[in-house]
Amino acid sequence: MDYFIELLFSGLTRGSIYALIALGYTMVYGIIGLINFAHGEIYMIGAFTAFIVATVLSIYGFPLLAIVVVAGVAATVWSSAYGYTIEKIAYKPLRHAPRLSPLISAIGMSIFLQNYVLLAQTSDFLPFPELIPEFAFMEPVAHIVGSSDLVILVTTTIIMLILTFVIKFTRIGKAMRATAQDRTMAMLVGINVNNIISATFIIGSALAAIGGLLIASHIGQINFYIGFIAGIKAFTAAVLGGIGSIPGAVLGSLILGLTESFATGYISSDYEDVFAFSLLVLILIFKPSGLLGKAETQKV
Amino acid sequence: MKLNINRTLFSTAACFLIAVATPALTHAGDTIKFGVAGAHSGDLASYGLPTVNAARLVIDKVNAAGGINGKMIEMLIEDDVCKPEIATNTATKLVSDGVDVVLGHICSGATKAALPIYKNASILVMSPSATNPALTESGDYPNFFRTIAPDDAQAMVDVKFVLNTLKYTKIAVIHDKGDYGKGFAEFAKTFLEDSGKAEVVLFEGVTPGAVDYSAIVQKIKHSGAEAVIFGGYHPEASKIIRMMRKKRLKIDFISDDGVKDNTFIKVAGKYAEGAYASGPTDTTNNPLSIEAVRAHKEKFNTDPGAFFANAYSATLALLNAIDKAGSTELEALKKALQTETIDTPVGNIYFDEKGDAIGVGFSVYQVQDGVFVEL
C-alpha cells in the first residue's frame, strides 16, 4: 500500500509538471486552432531566464523568497515577450494561409529558438539553483512527496482554477471564447481579435515560464533541449485530455503522469513510453476529440 | 625548390637503399621486423598516427642502444584506414613482407578482420586501442594482446568494488537505454550474477530527458537494493541521484566513465557527494609517461595524441618480450608477455592468458568535497 501511494504521488507530480506546460498548448489551440510547437521552447527560455536572474541575485546574497519572486517575475515577463513576438512574426502573417503553413512555421520557430539558446548560452547542462527549499513540515513525508512536488501540485491546481475563472467569468475570457467560436463574428461585434490572440499567447507563455522555473528547480538542471521532450509529453497530454479544453489538459496530464508512474512501478520503466502512448491511441480510437474535448463539427 | 629536390632525391635514395638493403638483411636475419598497422590516413588518422610516433620513439631509442640481442629493429608501417576490408590487405602485405610482430590495429573492427591472417602466420599482434571485449574473451585469437582495457573492464571494476570493498549483496542496475549505458549495465548484471555473491534485484532502463524520476527511485527503494549501479551519462545520473536523495534514499550510487565528469559534480552539487564512478586510471604522474611525452615533444614538436601512452607501452612490452624470449616465435613471445612484468607509461603491466593487460585499466573514484578522488 505504501508503494502504491508513493507511485501515486510520483505520478501526480509528473502529471502536474506536464499540466503546467500543457495548459499553454491547449489555450492557444482553443483560440486559433494552432499547435504551437514553439511552446516547449518558451518553457525552456523561461527556465533560462529564471536561472540567470536567480544566479545573479544569489551572488548578491538576496533572501530566497526575494530571489524566487524576482526570478519568477523576470521569467514570466521575458517569456511573455517571446510568446508575443513569436505570434507576431511567425503566426500572424500566416493566419489566412492553409492550416499546415503555421504548423511548419511553429516547428521552424522551435528549432530556431533551441539553436539560438544553444549558441547564445551553452550546450552544457547547467546546475539550476534550488529555489524551492526543503520545508521542515514536509520532513515526515519527504520520502513520499517532497517539498518541490507539493509546490508544483499546488501551483498547478491554483493556476487551473484561476484560468478557468478568467475564461468563464471575465470580459477577456468571454472575448476569448467568442474568438474561439467564430473569429469573424467576434470581430463584427467589436472584439479586437488581434489583441485577444496576443493576450492568449502572453498568458500561455507566462504559464510556461512559471512551469520552467518550478520544473527546473525540481530537476536541478537545464540545457537548451529540455523544452523539446517536455513539450512532446505535454502536447500528448493536451491531446489526451481534449485539446482546447483547460480542465482537459490537466486531466490528460494527470492520466499520462499516473500511467507512466504505475507502468514504471508495477511493470518496467523500459516500457513507460509504450504504455503512455498505447493509452493515447486507445483513448483516441474511442474518443477522437480527447477525454473532455468537444467534437468539432465542420462549419459550412 | 632546392629543398624539394633534395627531399625527392633523399627519399628516392632512401627507397633505393631500402629496396637494396632489405633483402640482404632478411637473408642475414639480423633485423627484427616490427609492423605498425592502423589508420594513418582518412578521418580516423588521428587515432592511428600517435601509435606510429610512439613506436618510432621507442624503436629509435632501442636501436641507438644497439638493438635487441645485436639485431636492429626495422619498422614496417601499413595503413588500414580503420576499414575491415582494407585491414585484411594490410595484414596480408605485412605477413608477406615477413613481419615478426605487429603493433595494431587501431580500430576494433579492422583488428578483428586482420587477426585471422596473422593467426595463420603465427604472428603476435598487440593493439593499443581496440577495446571490443570479444577480441580477447572469445579465445579465437590466441595471438592477440592489448594494452587497453576492454569495454567490459569498467563494469568488472565497478562490480568488484561493490562486492569486495562495499560488500553489498542486493544491487539495482539502472541504465539509460543507450548503447554505452546499456552495454555497461548488461556487463555489470552478468558479472554480478556470475559472482554468485550478489543478487540483481532490479534491472531497468530509464528514458533520458524525462522530467521526473521519482517513480523509478521509489521502485529502487521498494526493491530493497543496497546500492545502485548506473550505466549512462552524467545528465541522467545527476537527476537520478538528486531524486534519490530527495526521496531520502541514501544507498550508494556507483557509475561509469560517462558520469566521471566534472559536470556531474557541478550539476548535482551537494547530492553528488559520496557517489562513486569508474574512470581510466590516472597515469599522467607516472615518470615514464612524463618522459615519453617529453621525448615526443622534443622530436615532433607537438603533444602526443590518442592512445599514445598505450602504444608506447605496447611497443615496450613487445620489445621486452622479444628480448626475454630470445626469438620472435609466437609461443615464446606469449610466455614472455604472460610472465614478465614491465614498467610502462600506463603502469607496471603483464598480460593474462587471454591477452588483456593486467595493471592497466580503470579505477574507482569517489566524489569527496566536490572533486573526484581516486580510491
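These numbers come from a predicted model, not from an experiment. (Residues numbered from 1 in each chain as written. Chains lettered and ligands numbered in written order. Predicted model: local features only at pLDDT ≥ 70, side-chain atom pairs only at ≥ 80, totals over all residues. Heavy atoms only, no water.)

**Points about the interface of chain A and chain B**
The accessible area lost on association of the parts is a frequent measure of interface size.
Right, on to step 1. Counting from both sides, the interface comprises 37 residues of chain A and, opposite them, 32 residues of chain B.
Right, on to step 2. Considering only the surface of chain A that becomes buried against chain B, Tyr3, Phe125 and Ile219 of chain A emerge as the three largest contributors, covering 17% of it.
Right, on to step 3. For the pair chain A and chain B, the number of links is 7 salt bridges.
Right, on to step 4. The partner of Glu130 of chain A in a salt bridge is Lys246 of chain B, and the shortest N-O contact between them spans 3.4 Å.
Right, on to step 5. Secondary-structure elements contributing two or more residues to the side of chain A that touches chain B are helix 1 (2-32), strand 1 (126-127), helix 5 (147-169), helix 8 (193-219), helix 9 (226-241), helix 10 (246-267) and helix 11 (272-286) of chain A.
Right, on to step 6. Here the side of chain A that touches chain B gets 8 residues from one element, more than from any other, and that element is helix 1 of chain A.
Right, on to step 7. Its residues assigned to classes, the side of chain A that touches chain B comprises 14 nonpolar, 14 polar and 9 charged. (Contact = heavy atoms within 4.5 Å. Buried area = accessible area lost by both parts, 1.4 Å probe. Salt bridge = Lys/Arg side-chain N within 4 Å of Asp/Glu carboxyl O. Helix = DSSP H or I, 4+ residues; strand = E, 2+ residues; numbered from the N terminus. Nonpolar A, V, L, I, M, F, W, Y, C, P; charged D, E, K, R; others polar.)

**What about the nonpolar core?**
Right, on to step 1. Formed by 78 residues in total, the largest nonpolar core has its most connected members in Leu23, Ile86, Tyr91 and Ile222 of chain A.
Right, on to step 2. Val36, Val52, Phe308 and Ala311 of chain B belong to the second-largest nonpolar core, a separate cluster that totals 38 residues. (Core = buried A, V, L, I, M, F, W, Y, C linked by side-chain atoms within 4.5 Å. Buried < 20%, exposed > 50% of the residue type's maximum accessible area, 1.4 Å probe, protein only.)

**Details of the domain arrangement of chain B**
Right, on to step 1. Partitioning chain B into structural domains gives domain 1 (31-148 + 285-358) and domain 2 (153-274).
Right, on to step 2. Taking the mean C-alpha position of each, domain 1 of chain B and domain 2 of chain B sit 36 Å from one another. (Domains from an automatic or database assignment.)

**Thoughts on helix 2 (residues 45-64) of chain B**
All names here are of chain B.
Right, on to step 1. Taking 1.5 Å of rise per residue, the 20 residues of helix 2 would be expected to cover 28 Å, and the 28 Å separating its terminal C-alpha atoms lies within 8% of that figure.
Right, on to step 2. If you check which residues of helix 2 are buried, you get Ala45, Gly48, Pro50, Thr51, Val52, Asn53, Ala54, Ala55, Leu57, Val58, Ile59 and Asn63.
Right, on to step 3. Contact partners of the buried residues in helix 2: strand 1 (31-38), strand 2 (72-79), strand 3 (101-103), helix 11 (287-300) and helix 12 (308-325).
Right, on to step 4. At the exit of helix 2 stands Gly66, carrying a positive phi of roughly 105°. (Expected span 1.5 Å × (residues − 1).)

**Structural notes on the packing of aromatic side chains**
The description of two aromatic rings rests on the distance between their centres and on the angle between their planes.
Right, on to step 1. One pass over the structure, following the stated rule, counts 19 aromatic pairs over all chains.
Right, on to step 2. Ring geometry for Tyr25 of chain A versus Phe235 of chain A: centroids 5.6 Å apart, planes at 50°, classification tilted. Placement of the pair is Tyr25 of chain A in helix 1 and Phe235 of chain A in helix 9, with a sequence separation of 210 residues.
Right, on to step 3. Looking at Tyr25 of chain A, the relative accessible area reads 3%, which means it is buried.
Right, on to step 4. Both rings, one in Phe187 of chain B and one in Phe191 of chain B, keep their centres 6.1 Å apart while their planes meet at 20°; by these two values the pair is stacked. Taken together, the positions of Phe187 of chain B and Phe191 of chain B, both in helix 7 (residues 179-195) and 4 residues apart, correspond to about one turn of that helix.
Right, on to step 5. Classification of Phe187 of chain B by relative accessible area gives partly exposed; the value is 29%.
Right, on to step 6. The residue whose ring lies beneath Lys189 of chain B is Phe203 of chain B, and the NZ or CZ to ring-centre distance is 5.1 Å.
Right, on to step 7. The ring of Tyr365 of chain B is capped by Lys260 of chain B, whose NZ or CZ atom sits 4.4 Å from the centre of that ring. (Phe/Tyr/Trp six-rings, centres within 6.5 Å; stacked < 30°, edge-to-face > 60°. Lys NZ or Arg CZ within 6 Å of the ring centre and 35° of its normal.)

**As for the sheet that holds strand 11 (residues 342-344) of chain B**
Consider a sheet: its strands pair through backbone hydrogen bonds, and that pairing is either parallel or antiparallel.
Residue and element names in this part refer to chain B.
Right, on to step 1. Spatially, the 3 strands line up as an open sheet ordered 11-12-13, and their pairing is antiparallel. The sheet is open, and its two borders are formed by strand 11 and strand 13 (357-358), each paired with just one other strand.
Right, on to step 2. Across 2 bridges, strand 12 (residues 347-351) lies against strand 13 in antiparallel orientation. Following the sheet pairing, Tyr350 is matched in strand 13 by Ile358.
Right, on to step 3. Against the sheet, helix 12 contacts strand 11 and strand 12, and its axis sits at roughly 155° relative to strand 11. (Pairing = 2+ DSSP bridges. Axes fitted to C-alpha atoms, helices over the stretch in contact; angles between N-to-C directions.)

**A closer look at unusual backbone geometry**
Residues and elements named next belong to chain B.
Right, on to step 1. That bond from Gly104 to His105 is cis: its omega, -15°, falls within 30 degrees of zero.
Right, on to step 2. By secondary structure assignment, the location of His105 is in the loop between strand 3 and helix 4 (108-120).
Right, on to step 3. Phi is positive for Lys167, close to 55°, though the residue is something other than glycine.
Right, on to step 4. Structurally, the position occupied by Lys167 is in the loop between helix 6 (153-166) and strand 6 (170-175).
Right, on to step 5. Residues other than glycine seldom take positive phi values, yet Asn301 does so here, at roughly 60°.
Right, on to step 6. Within the secondary structure layout, Asn301 lies in the loop between helix 11 and helix 12.

**Considerations on the state of the cysteines**
All names here are of chain B.
Right, on to step 1. Taken as a whole and judged by the stated rule, the model has 1 disulfide over all chains.
Right, on to step 2. Two residues, Cys82 and Cys107, share a disulfide whose sulfurs are 1.5 Å apart. Measuring handedness by torsion sign, the sulfur bridge of Cys82 and Cys107 sits at about 45° and is right-handed. With Cys82 in the loop between strand 2 and helix 3 (84-96) and Cys107 in the loop between strand 3 and helix 4, this pair connects stretches of sequence that are 25 residues apart. Each member of the pair, Cys82 as well as Cys107, carries the same accessibility label: buried. (Disulfide = S-S within 2.5 Å.)

**A few points about the pattern of salt bridges**
Opposite charge on two side chains makes pairing possible when the charged atoms of those side chains draw close.
Right, on to step 1. Counted according to the given criterion, the structure contains 24 salt bridges over all chains.
Right, on to step 2. Between Lys93 of chain B and Asp97 of chain B there is a salt bridge, with the nearest N and O atoms lying 3.3 Å from each other.
Right, on to step 3. Classification of Asp97 of chain B as partly exposed rests on a relative accessible area of 30%.
Right, on to step 4. Among the ionic pairs, Arg146 of chain B bridges to Asp356 of chain B, the shortest N-O distance being 2.7 Å. Within this pair, whereas Arg146 of chain B is found in strand 5 (residues 144-146), its partner Asp356 of chain B is found in the loop between strand 12 and strand 13, the two being separated by 210 residues in sequence. With respect to class, Arg146 of chain B is no different from Asp356 of chain B; both count as buried.
Right, on to step 5. The structure contains a network of salt bridges with shared partners spanning Glu130, Glu134 and Glu139 of chain A together with Lys246, Arg248 and Lys270 of chain B.

**Things to note about the sheet that holds strand 8 (residues 227-231) of chain B**
Residue and element names in this part refer to chain B.
Right, on to step 1. The strand order across the open sheet formed by 7 strands is 7-6-8-9-10-14-15, and the pairing between neighbours is mixed. Where the open sheet ends on each side, the last strands, each with one partner, are strand 7 (199-205) and strand 15 (371-374). Going across the sheet, the axis of each strand differs from the next one's by a mean of 30°, ignoring polarity.
Right, on to step 2. The pairing of strand 6 with strand 8 spans 5 bridges and is parallel. Bridge pairing in strand 8 links His175 to Gly231.
Right, on to step 3. Packing against the sheet, helix 6 makes contact with strand 6, strand 8, strand 9 (252-255), strand 10 (276-280) and strand 14 (362-368), and its axis sits at approximately 60° to strand 14.

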